[in-house]
Every structure is written in C-alpha cells, then in structure tokens.
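In case you want the letters, here they are:
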Amino acid sequence: MAWIYLVIASFGEIFGVMSINLFLQKKSIGRLFLIVTTFGLGFVFLSLAMRDIPLGTAYAVWTGLGAAGAVIMGILFFKESAGWKRIVFLLCIISGAVGLKLLG
C-alpha cells in the first residue's frame with residue numbers, strides 16, 4: 001500500500017506544479033487554493049508512504065516521478081518542447097525511480 005501512496009503523492013507533486021503554471025497565467029484565489037491543496041495532499045500521501053518506505057527511496061521516487069510527470073504535462077498541455085534529448089533524460093528519471101522500487 002505504501003507504494004500506491006507514493007504514486008498518489010507524486011500526482012500531488014505533478015498537479016501542484018501544473019497549478020503553479022496555471023496560477024502564473026491567471027492569478028486568482030481559486031488557483032492559489034489549488035496549489036495549496038494539491039501540494040498539501042501530495043505531502044499527506046508522502047508521509048503515509050514513508051511509514052514503510054525509507055526516506056531516501058521515498059523522496060527520490062517522489063521527486064523523480066513528480067519531475068517526469070511535470071515534463072510530460074508540460075509537453076501535453078503547455079506546448080513545451082518534446083525533443084529527443086528531453087525524452088531520453090526523462091526515461092533516465094523514470095528508470096531510476098523503477099530501479100529504486102525494485103531494489104528498495
């Protein structure tokens with residue numbers, strides 16, 4: 001169950017970063033609340049995951065999946081570059097997170 005919590009926490013990180021981008025496009029109380037809510041839920045699920053997953057592994061996977069997800073969301077929704085070099089290093093992040101799960 002801890003790994004499921006960690007994946008959910010990563011979605012909090014991904015949607016939190018997306019919320020920041022949305023807030024910067026149009027500042028409003030609602031979008032600011034969205035930032036606080038998404039990051040807050042991410043931290044709650046990260047803390048639940050860290051009950052069973054060691055700190056270093058949990059944090060590395062959380063930030064790695066969050067960063068990878070943010071890159072993917074940027075490409076899909078914010079028209080950011082999807083060059084092959086970006087994709088290669090994105091795959092490096094994902095493979096690192098998978099490796100930590102397999103070894104941890």
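Structure: above.
Now for a quick tour of the structure. (Residues numbered from 1 in each chain as written. Predicted model: local features only at pLDDT ≥ 70, side-chain atom pairs only at ≥ 80, totals over all residues. Heavy atoms only, no water.)

Some remarks on the packing of helix α1 (residues 2-25) against helix α2 (residues 29-49)
Okay, step 1: The geometry of α1 relative to α2 is characterised by a closest axis approach of 7 Å and an angle of 160 degrees between their N-to-C directions. As summarised for this structure, α1 and α2 are arranged roughly antiparallel, according to the angle between their axes. As α1 packs across α2, the resulting crossing turns out to be left-handed.
Okay, step 2: Here the contact of α1 with α2 is composed, by residue class, of 18 nonpolar, six polar and two charged. (Axes fitted to C-alpha atoms, helices over the stretch in contact; angles between N-to-C directions. Helix = DSSP H or I, 4+ residues; strand = E, 2+ residues; numbered from the N terminus. Parallel < 35°, antiparallel > 145°, perpendicular 65-115°, else oblique. Left-handed = near helix turned anticlockwise from the far one by under 90°. Nonpolar A, V, L, I, M, F, W, Y, C, P; charged D, E, K, R; others polar.)

Looking at the packing of α1 against helix α3 (residues 55-77)
Okay, step 1: Two elements in contact, α1 and α3, have axes separated by 8 Å at closest approach and are oriented at 45 degrees. Between α1 and α3, the crossing angle belongs to the class labelled oblique. Handedness of the α1/α3 crossing: right-handed. Between α1 and α3, the residues in contact are W3, L6, A9, S10, E13, I14, F15, V17 and M18 and T57, A58, V61, W62, L65, G66, G69, A70, M73 and F77, respectively.
Okay, step 2: Taken together, the residues of the contact of α1 with α3 break down into 14 nonpolar, four polar and one charged. (Contact = heavy atoms within 4.5 Å.)

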